Every structure is written in structure tokens, then in C-alpha cells.
Amino acid sequence: MPESPNAFVTIERAAAFLRAGGLVALPTETVYGLGGNALDPVAVARIFAAKERPFFDPLIVHIPDIDWMPRVVSEFPQVAVQLAERFWPGPLTLVLPKVKSIPDLVTSGLPNVGVRIPDHNLTRQVLRLANVPVAAPSANPFGRLSPTTAEHVQAQLGDRIDAILDGGPCRVGIESTILQIVDNEVTLLRPGGISLEEIEALIGNVHHPVSTASDSPIAPGMLASHYAPQTPLTIVDKVPLSVESDRMGLLVLRNDATSPQFAQIEELSPTGDLVVAAANFFQALHRMDAAGLHEIIAVRFPDSGLGRALNDRLKRAEHRRSDRSSC
Ligand code: TXA
Ligand code: MG
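Residues numbered from 1 in each chain as written. Chains lettered and ligands numbered in written order. Predicted model: local features only at pLDDT ≥ 70, side-chain atom pairs only at ≥ 80, totals over all residues. Heavy atoms only, no water.

Teacher, can you tell me more about the sheet that holds strand E7 (residues 163-164) here?
Working definition: the strands of a sheet are paired by backbone hydrogen bonds and lie parallel or antiparallel to each other. Taken in spatial order, the 9 strands of this open sheet run E7-E1-E2-E6-E3-E5-E4-E8-E9, and their pairing is mixed. What marks the edges here is a single partner per strand, and that holds for E7 and strand E9 (185-190). Its contacts with the sheet place helix H2 (residues 41-51) against strand E2 (33-37) and strand E6 (134-135), and it is angled at close to 155° to E2. (Pairing = 2+ DSSP bridges. Helix = DSSP H or I, 4+ residues; strand = E, 2+ residues; numbered from the N terminus. Contact = heavy atoms within 4.5 Å. Axes fitted to C-alpha atoms, helices over the stretch in contact; angles between N-to-C directions.)

I tried to follow unusual backbone geometry on my own but got confused; where do I start?
Leaving glycine out, the prevailing phi sign among residues is negative, and the prevailing peptide bond configuration is trans. For the bond from Trp88 to Pro89, the omega torsion is -10°, close enough to zero to count as cis. Note on placement: Pro89 falls in the loop between helix H3 (78-87) and strand E4 (92-97). Positive phi outside glycine occurs at Asn131, with the angle close to 60°. Locating Asn131 in the fold gives a position in the loop between helix H5 (121-130) and E6.

So what exactly am I meant to see when it comes to the side chain of His286 here?
Turning to its location among the elements, His286 is positioned in helix H8 (residues 274-290). Excluding residues within four positions of it along the chain, His286 makes contact with Leu145, Ser146, Pro147, His152 and Gln156.

Explain the packing of aromatic side chains to me, please; I cannot follow it from the model alone.
Two descriptors summarise a pair of aromatic rings, namely the distance from one centre to the other and the angle between the planes of the rings. With the rule as written, the count across this model stands at 3 aromatic pairs. Centre to centre, the rings of Phe48 and Phe55 are 4.9 Å apart; their planes meet at 45°, and the pair counts as tilted. Between Phe281 and Phe301, the ring centres sit 6.2 Å apart and the planes meet at 70°, which makes this aromatic pair edge-to-face. With Phe281 in helix H8 and Phe301 in the loop between strand E13 (295-299) and helix H9 (307-319), the pair connects residues that are 20 residues apart, well separated along the chain. An identical accessibility class is assigned to Phe281 and Phe301; each is buried. Feature note: the residues Phe281, Phe282 and Phe301 constitute an aromatic cluster, connected by ring pairs. Over the ring of Trp68 we find Arg71, and its NZ or CZ is 3.9 Å from the ring centre. (Phe/Tyr/Trp six-rings, centres within 6.5 Å; stacked < 30°, edge-to-face > 60°. Buried < 20%, exposed > 50% of the residue type's maximum accessible area, 1.4 Å probe, protein only. Lys NZ or Arg CZ within 6 Å of the ring centre and 35° of its normal.)

For this particular structure, what's the right way to read the pattern of salt bridges?
When the charged atoms of two side chains lie near each other, side chains of opposite charge can form a pair. Within this structure, the stated rule accounts for 14 salt bridges. Arg128 is the partner of Asp65 in a salt bridge, and the nearest nitrogen-oxygen pair spans 2.7 Å. Here Asp65 is found in the loop between strand E3 (60-62) and H3, whereas its partner Arg128 is found in helix H5, with 63 residues between them in sequence. Between Arg316 and Asp312 there is a salt bridge, with the nearest N and O atoms lying 2.6 Å from each other. With a gap of 4 residues between them, Arg316 and Asp312 both fall in helix H9, about one helical turn apart. Asp312 shares its class with Arg316; the two are buried. Within the structure, one salt-bridge network assembled from shared partners comprises Glu175, Asp312, Arg313 and Arg316. (Salt bridge = Lys/Arg side-chain N within 4 Å of Asp/Glu carboxyl O.)

Quick question: what am I supposed to make of the sheet that holds strand E11 (residues 248-252) here?
Strand order in this open sheet of 4 strands is E10-E13-E11-E12, and the pairing throughout is parallel. Whereas interior strands pair on both sides, the edge strands pair on one side only; in this sheet they are strand E10 (233-236) and strand E12 (264-267). Within this sheet the neighbouring strands show an average axis-to-axis angle of 20°, counted without direction. As paired elements, E11 and E12 share 4 bridges and run parallel to each other. Looking at the pairing, Gly249 lines up with Gln264 of E12. Sheet strands in contact with H8 are E10, E11, E12 and E13, and its direction is about 175° off that of E11. Packing against the sheet, H9 makes contact with E10, E11 and E13, and its axis sits at approximately 135° to E10.

Whenever I open this one, the packing of H3 against helix H7 (residues 196-203) confuses me. Can you help?
A pair of packed helices can be characterised by two numbers: the angle between their axes and the separation between those axes. At their nearest, the axes of H3 and H7 sit 11 Å apart, and the two run at 125° to each other. Classified by the angle between their axes, H3 and H7 sit oblique to one another. Note on packing geometry: the crossing formed by H3 with H7 is right-handed. Each of Val79, Gln82, Leu83, Arg86 and Phe87 in H3 lies in contact with H7, whose residues at this interface are Glu198, Ile199, Leu202 and Ile203. Split into classes, the residues belonging to the contact of H3 with H7 amount to 6 nonpolar, 1 polar and 2 charged. (Parallel < 35°, antiparallel > 145°, perpendicular 65-115°, else oblique. Left-handed = near helix turned anticlockwise from the far one by under 90°. Nonpolar A, V, L, I, M, F, W, Y, C, P; charged D, E, K, R; others polar.)

Here it is, written out as C-alpha cells:
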């Protein structure tokens with residue numbers, strides 16, 4: 001069904017596909033997710049197959065309302081309740097002990113499951129209509145750029161999935177922040193759409209061993225090479241004074257230098273607003289990837305607020321240069 005306009009469906013059709021074990025791309029505030037019934041191991045296996053994703057990389061389960069938590073997790077400690085009440089619906093995933101009915105395939109055999117309530121009304125309605133928790137990784141082939149529009153999904157995965165629910169461009173634009181809460185210890189597994197500062201203002205200090213991309217991920221799936229454009233990407237501290245080729249692209253927060261002869265410049269926020277930059281980030285990389293550039297030069301973001309998550313994604317995109325095989 002991929003090329004047909006029918007790939008884009010209503011919330012009722014989307015829910016029906018999910019109930020029947022199908023795969024539906026769903027809009028969220030962060031990125032589009034590739035959803036399947038989290039309680040149906042065959043649907044979950046189809047997600048891994050469509051993405052060509054390794055089974056050691058667990059999936060996040062999406063629910064529409066906080067009173068669904070007992071359907072997914074066996075413990076919901078006070079600190080997690082506090083975080084959920086403050087940040088849900090929103091770009092925060094909580095990793096907590098799972099209930100038995102969540103198949104091991106969802107969690108890659110781990111005893112804990114990642115869960116969140118996405119801040120997107122269409123998708124929350126679909127989840128309520130389908131009446132099942134939905135496992136949804138980002139709707140991109142494994143290791144590639146995350147999709148922030150329905151068109152990105154159509155282009156990257158359209159021929160492998162049953163339907164796409166078009167909810168417009170994603171408001172936040174980078175994936176959720178992932179916090180694991182086990183034995184009352186809170187650990188940052190992935191920086192994302194809620195900043196560490198906001199989280200620590202609410203619950204105090206959080207462990208954050210994942211400050212740099214590394215080859216030995218502490219969270220399964222946190223591979224050094226990930227979220228990568230196909231064009232080689234290099235991170236720099238400042239806009240270079242000269243460029244070597246006329247097919248270079250520049251990705252920059254604000255373009256306040258007199259930039260040399262870049263073939264394409266993507267300025268993410270003229271006012272230097274990191275929230276706006278996050279919303280534009282993957283779209284800009286998708287455009288640059290389509291432009292046939294030799295290389296993307298990306299200027300490092302300030303390492304605070306959402307800049308932390310953006311720098312994390314840049315590091316993983318850059319790592320692809322030396323490690324194409326793991327994508
Ligand atoms: O914003 C988001 O989180 C998006 C939207 C669709 O919700 N989803 C997303 O999913 O980014 P995905 O599959 O691309 O990334 C999920 C990551 C995994 O790679 C893994 O690092 C972590 O979440 N994760 C999921 N379940 C986990 C678990 N049980 N234990 C540890 N880490 C887990
Ligand atoms: Mg992903």
C-alpha cells in the first residue's frame with residue numbers, strides 16, 4: 001500500500017490496524033513512531049523486521065493516560081509518579097519494572113520497560129480507540145535519521161508498513177529523554193526533549209553516565225553510531241574560515257559569522273533558541289542528506305538545556321563516519 005494515498009489514514013483506521021496486529025506510523029511531539037500492539041509478540045516482531053532493527057534494542061511503550069500504568073509496569077514509585085505528573089504528556093520516557101504481559105521482545109529480555117504518554121492528541125485518541133499499549137520506536141530504518149514529518153516516514157518506510165497517521169510536523173523534534181528508575185535510583189539513559197536541568201529542578205541530582213557517545217552502551221540500543229545522515233558529518237566548535245569543496249553544508253544554531261562558500265546553510269534558530277533548533281534539527285538534516293553534499297559541517301551547540309540532547313545526536317551522527325558497519 002506504500003505509494004498509494006491510502007497510506008495516510010484516519011484515527012479509526014489507524015486504531016483498527018493496530019488491533020489487527022498491523023503497523024502504523026503515529027505522530028508524537030518528538031518524532032514519528034512506528035507503532036504496533038505491545039501485547040502482541042508478532043506485531044512487535046514485525047516492527048523489528050520493518051526497521052531492520054537488532055533485537056537487543058528495546059522498544060518504548062506508549063499509553064494515552066496515566067491510569068494505564070498498571071497495564072504496563074509492576075511498580076510506579078513516588079519519584080516516577082512525581083516526574084509523570086509534571087512532564088506527561090510529554091517527551092519523557094520512564095524505564096520501570098514491567099508486568100508479565102509485556103512480551104520479552106519489547107524489552108529485549110530486560111525486566112524493565114520504557115513507557116511514556118506522548119503529547120499528541122491524535123495519537124492519544126488512537127491509543128484509546130485501539131485500547132492496547134503500543135510499542136513504537138522512531139519510524140526510521142535502524143540507525144538512520146529520525147522522521148519529524150509524515151513525508152519522512154513515507155519516504156523511508158512507506159513500503160514496509162500498513163498505514164501512516166499524518167499529524168503534521170513534530171513540535172519538539174528530538175526524541176524523549178529516557179530515565180531509568182530502579183531501586184529508587186534515577187539514571188539518565190538518553191538526553192532528549194526534557195532538559196536535565198528541568199528534571200533535576202524537580203527531583204534533585206540524577207546519575208548521567210551517558211554524557212558521550214561510546215561503543216559500550218549502558219542502555220541497550222544506545223549505540224555510538226545512530227541517528228545518522230548518509231552524508232559524512234563533522235562537528236566543529238566554530239564556523240570554519242574556509243571550506244575545501246563547493247559541496248559542503250553547514251548546520252548551525254545561528255549564522256552570525258560571515259560563512260564561506262557553503263553549498264547549503266541550515267540555520268536552526270536565528271535567535272539562538274535551542275527549543276526552536278530542536279524542532280528544526282532532523283528536518284534540516286533530512287534536507288541536507290537529499291542535497292548531494294560531500295560533507296556536513298555541524299557547529300556544536302551550547303551544552304545546556306536541549307543543547308545537550310542535540311550534541312548527543314550530533315556525536316552519534318559523526319561517529320557513523322568511522323563506523324558505518326553498525327548502522
Ligand atoms: O521520543 C521518543 O522516545 C520516540 C517516540 C516515537 O516516542 N521513540 C524513540 O524510540 O526514540 P527508539 O526506539 O528510537 O529509542 C528507544 C530507546 C532504545 O534504543 C533504548 O536505548 C531505550 O529507548 N530503551 C527502551 N526501552 C528500554 C529499556 N527497557 N531499558 C533500557 N533502555 C530502553
Ligand atoms: Mg530511534
